[in-house]
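Coordinate inspection notes
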Amino acid sequence: MSRVGTALRELRGAQKSAKGVSLYSRFVNRPAGRYLAAGSYALGLTPNQVTLVSAAFSFAAVAAVALVTPSWGLGVAVWAALAVGFAFDSADGQLARLRGGGSAAGEWLDHVVDAAKLTALHACVLIAFHRFPDAYGTGSDGWLLVPLGFQFAAVVTFFGGLLTEKLKPKAAPGSPAPTPSTLRAVALLPVDYGVFCLVFLLLGGGTLFRWAYAGLGAVAALFLLAFLAKWFRELSAVRR
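These notes cover the structure that comes with them. All of these numbers come straight from a predicted model, not from anything done at the bench. (Residues numbered from 1 in each chain as written. Predicted model: local features only at pLDDT ≥ 70, side-chain atom pairs only at ≥ 80, totals over all residues. Heavy atoms only, no water.)

A word on the packing of helix H2 (residues 23–43) against helix H4 (residues 72–98). Taken N-terminus to C-terminus, the directions of H2 and H4 make an angle of 65 degrees; their axes are 7 Å apart at the nearest point. Considering the relative orientation of H2 and H4, their crossing is right-handed. Contacts between H2 and H4 involve Tyr24, Ser25, Asn29, Arg30, Ala32, Gly33, Arg34, Leu36, Ala37, Ser40 and Tyr41 on the former and, on the latter, Ala83, Phe86, Ala87, Phe88, Ser90, Ala91, Gln94, Leu95 and Leu98. Tallied by class, residues from the contact of H2 with H4 come to 12 nonpolar, six polar and two charged. (Axes fitted to C-alpha atoms, helices over the stretch in contact; angles between N-to-C directions. Helix = DSSP H or I, 4+ residues; strand = E, 2+ residues; numbered from the N terminus. Left-handed = near helix turned anticlockwise from the far one by under 90°. Contact = heavy atoms within 4.5 Å. Nonpolar A, V, L, I, M, F, W, Y, C, P; charged D, E, K, R; others polar.)

Take the environment of Gln49 next. By secondary structure assignment, the location of Gln49 is in helix H3 (residues 47–67). For Gln49 and Gly106, which are 57 residues apart along the polypeptide, the C-alpha to C-alpha distance reads 9.7 Å. Within the structure, the side chain of Gln49 is placed 2.9 Å from the backbone nitrogen of Thr46, a separation counted as a polar contact. (Polar contact = N/O pair within 3.5 Å; in protein donor to acceptor, adjacent residues only side chain to side chain.)

With that settled, the discussion passes to the side chain of Ser22. Here Ser22 lies in the loop between helix H1 (3–12) and H2. Setting aside residues no more than four positions away along its own chain, Ser22 makes contact with Ala185, Leu188, Leu189 and Asp192.

Attention shifts here to the environment of Val195. With respect to the element layout, Val195 can be found in helix H9 (residues 193–197). Between the C-alpha atom of Val195 and that of Ala83, which follows or precedes it by 112 residues, the distance is 9.3 Å. Ignoring any residue separated from it by four or fewer positions in sequence, one finds Val195 in contact with Tyr24 and Leu189.

In this model helix H7 (residues 145–167) runs 32 Å from its N-terminal to its C-terminal C-alpha over 23 residues, within 8% of the 33 Å that 1.5 Å per residue would give. Within the span of H7, buried status applies to Pro147, Phe150, Gln151, Ala153, Ala154, Phe158, Gly160, Gly161 and Thr164. Looking at the buried positions of H7, the neighbouring elements they touch are helix H5 (104–131), H9 and helix H10 (207–236). (Expected span 1.5 Å × (residues − 1). Buried < 20%, exposed > 50% of the residue type's maximum accessible area, 1.4 Å probe, protein only.)

Taking 1.5 Å per residue, 21 residues should reach 30 Å; H2 reaches 29 Å between its end C-alpha atoms and fits that length. Bending of H2 peaks at approximately 30 degrees at the position of Asn29, with proline Pro31 no more than four residues after it. For H2, the complete set of buried residues consists of Tyr24, Ser25, Asn29, Arg30, Pro31, Gly33, Arg34, Ala37, Ala38 and Ser40. Among the residues of H2, the N-terminal cap falls to Ser22, whose side-chain oxygen and the backbone nitrogen of Tyr24 are separated by 3.3 Å. (Bend = angle between axes of the 7 residues up to and from the residue.)

With that settled, consider the pattern of salt bridges. Counting across every chain of the model gives five salt bridges. Between Glu107 and Lys166 there is a salt bridge; the shortest N-O distance is 2.7 Å. Taken together, the residues Glu107 in helix H5 and Lys166 in helix H7 connect sequence positions 59 residues apart. Put simply, Asp89, Asp114 and Lys117 are held in one network by salt bridges that share partners. (Salt bridge = Lys/Arg side-chain N within 4 Å of Asp/Glu carboxyl O.)

The subject of this paragraph is the environment of Val238. Tracing the backbone shows Val238 in the segment after H10. Each C-alpha atom, one on Val238 and one on Pro169, is 7.6 Å from the other, the two residues being 69 residues apart in sequence. Residues in contact with Val238, not counting those within four places in the same chain, are Leu167 and Pro169.

Given below as C-alpha cells:
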C-alpha cells in the first residue's frame with residue numbers, strides 16, 4: 001500500500017468527535033483535510049508547515065477582497081482560496097495526530113492564525129465596502145458598521161468556544177465518544193466558517209453580497225448570544 005493510502009487508513013480511525021460540528025465540517029471539510037493531511041504526510045511536511053500553507057491561501061483571499069474590484073470571477077477565486085485554506089486548517093491537526101501528537105507551539109500557531117484570519121477577513125470586507133461603494137451600494141457610512149459587528153460576533157464566538165473547551169473537565173480516558181446530533185449539525189450550518197465562505201461567491205452581485213453578508217452577520221450575533229448563555233451555564237457547574 002502506498003504511503004498516502006496507509007496514512008488515509010490510519011487517519012480514518014483517528015478522527016475527532018463529530019459532536020458540536022456542522023454537517024459541512026463533518027462531511028466536507030474534515031474529509032478534504034484528511035486527504036490533504038495524507039498527502040502532506042507523504043511529502044514529509046510538518047503540521048506547522050501545513051498551518052502556514054493554510055494561512056497563505058486564506059490571507060491571499062483576504063487581501064483580494066480588500067484590493068481587487070469585485071466581480072464574479074473574483075468571488076469564485078476568493079471562495080476557492082478560503083475553502084482550500086480551511087481544508088488545510090483541518091489537515092494540520094489530523095497530520096499532527098498521524099505523526100503521534102502535536103505540540104503546544106503547534107496548537108498556539110494554529111489558533112493565532114485562525115484568530116488573525118477571522119479578524120482580517122471582516123476588516124477587509126469593511127475596506128472593500130469603503131473602497132468600492134458604488135459596486136456594493138455602501139455609500140452610507142452605516143454599512144461600515146456591519147463588518148465591525150460581524151467581526152465582533154465571530155471573534156467572541158471563537159475565543160468563547162476555545163476557552164469553554166479549555167475550562168471544561170476532560171472526559172475520562174476510555175470514555176465513549178459522545179453521539180453527534182444530526183439536528184444540531186444542521187442548526188450549526190449558518191455559523192460554520194465553510195458555509196460563510198460561500199457568501200463570497202456573490203462578490204460580483206454587489207448589493208446581493210452586501211445583504212447576504214449582513215444577513216449572516218445578524219445570524220452570527222444571535223448565535224453568539226445563545227452560545228454565551230450555554231457556555232456560562234455549563235461552566236457554572238464546574239468547580240476549580
